[in-house]
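So you can see what is in the structure, the chains are spelled out below.
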Amino acid sequence: LDTVIDNARHRLDGLRETQERVDHIRIRVASPNGLVTVVADGTGAMVGLDLAEDLGSVTARELASTIVLTAAEAASAALDQRETILQSLQASFTDS
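Procedures and definitions
Residues numbered from 1 in each chain as written. Predicted model: local features only at pLDDT ≥ 70, side-chain atom pairs only at ≥ 80, totals over all residues. Heavy atoms only, no water. Helix = DSSP H or I, 4+ residues; strand = E, 2+ residues; numbered from the N terminus. Contact = heavy atoms within 4.5 Å. Salt bridge = Lys/Arg side-chain N within 4 Å of Asp/Glu carboxyl O. Buried < 20%, exposed > 50% of the residue type's maximum accessible area, 1.4 Å probe, protein only. Pairing = 2+ DSSP bridges. Expected span 1.5 Å × (residues − 1). Arc of directions from axis to C-beta. Patch = residues over 30% accessible without salt bridge, like charges linked within 9 Å, V, L, I, M, F, W, Y side chains within 5 Å. Areas by Shrake-Rupley, 256 points an atom, 1.4 Å probe, with all protein chains shown as cover. Axes fitted to C-alpha atoms, helices over the stretch in contact; angles between N-to-C directions.

Draft legend 1. Spotlight on the environment of I67. Tracing the backbone shows I67 in helix α2 (residues 60–95). In this structure, the C-alpha to C-alpha distance between I67 and V36, residues 31 residues apart in sequence, is 6.3 Å. For I67, the contacting residues outside a window of four places in its chain are V36, V38, L49 and L51.

Here it is as structure tokens:
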């Protein structure tokens, strides 16, 4: 019984650690033209958006497109990092 409890505690600790690691994911991606910087969290959600001070040379449509493309890149990178973390958790469960 002690072994079962210890194993359960170990797995619970792993879950907590994994959740903490996912919660701390922040991926910052800048657009190639330097006009937009997006930060995505571990769910792929945009949690930060910085725009260059001088946007006079770009149309609203170009800016919107740049934001969307940069946000998609940041989200993809964040989700990739999340997947790596979750795979590590899964591996720890199969090793136990």
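Draft legend 2. Expanded view of the pattern of salt bridges. In the structure shown here, the tally under the stated rule is 2 salt bridges. A salt bridge links R16 to D13, with the nearest nitrogen and oxygen atoms 3.9 Å apart. Of this pair, R16 and D13 are both found in helix α1 (residues 2–23), 3 residues apart, which corresponds to roughly one turn of the helix. A residue is classified by how much of its surface remains accessible, and R16, at 52% relative accessible area, is exposed. D13 gets classed as partly exposed once you look at its relative accessible area, which sits at 45%. The salt bridge involving R28 is made with D50; its shortest N-O contact spans 3.5 Å. Pair noted here: R28 is in strand β1 (residues 26–30) and D50 is in strand β3 (residues 46–51), with a separation of 22 residues, a long-range link. With a relative accessible area of 56%, R28 lands in the exposed category.

Draft legend 3. The pairing of β3, seen in detail. By the bridge criterion, 5 bridges tie strand β2 (residues 36–41) to β3 in an arrangement that is antiparallel. Each residue of the ladder has a partner; that of V36, found in β3, is L51. Here β2 folds back onto β3 in antiparallel fashion, the turn holding 4 residues, of which G44 has a positive phi close to 90°.

Draft legend 4. Examining α1 more closely. The terminal C-alpha atoms of α1, which comprises 22 residues, lie 31 Å apart, in line with the 32 Å expected from a rise of 1.5 Å per residue. Inspection of α1 places G14, T18 and V22 among the buried residues, and these make up the whole buried set. In an axial view of α1, the angular spread of the buried residues amounts to 65°, which keeps them on one side of the axis. Opposite the packed face of α1, turned more than 90 degrees from it, sit the exposed residues D2, R9, R16 and E17.

Draft legend 5. Representation of a nonpolar patch on the surface within the structure. Side chains of L1, V4 and I5 sit close together on the surface and give an oily, nonpolar patch of about 330 Å² of accessible area. With respect to the helices and strands, the residue I5 is situated in helix α1.

Draft legend 6. Just the sheet that holds β3, in detail. The antiparallel open sheet is built from 3 strands, whose spatial order is β1-β2-β3. Edge strands, defined here as strands with exactly one partner in the open sheet, are β1 and β3. Strand-to-strand, the axes of this sheet are offset by a mean angle of 15°, without reference to chain direction.

Read these as layout, nothing more, since geometry by itself doesn't imply function.
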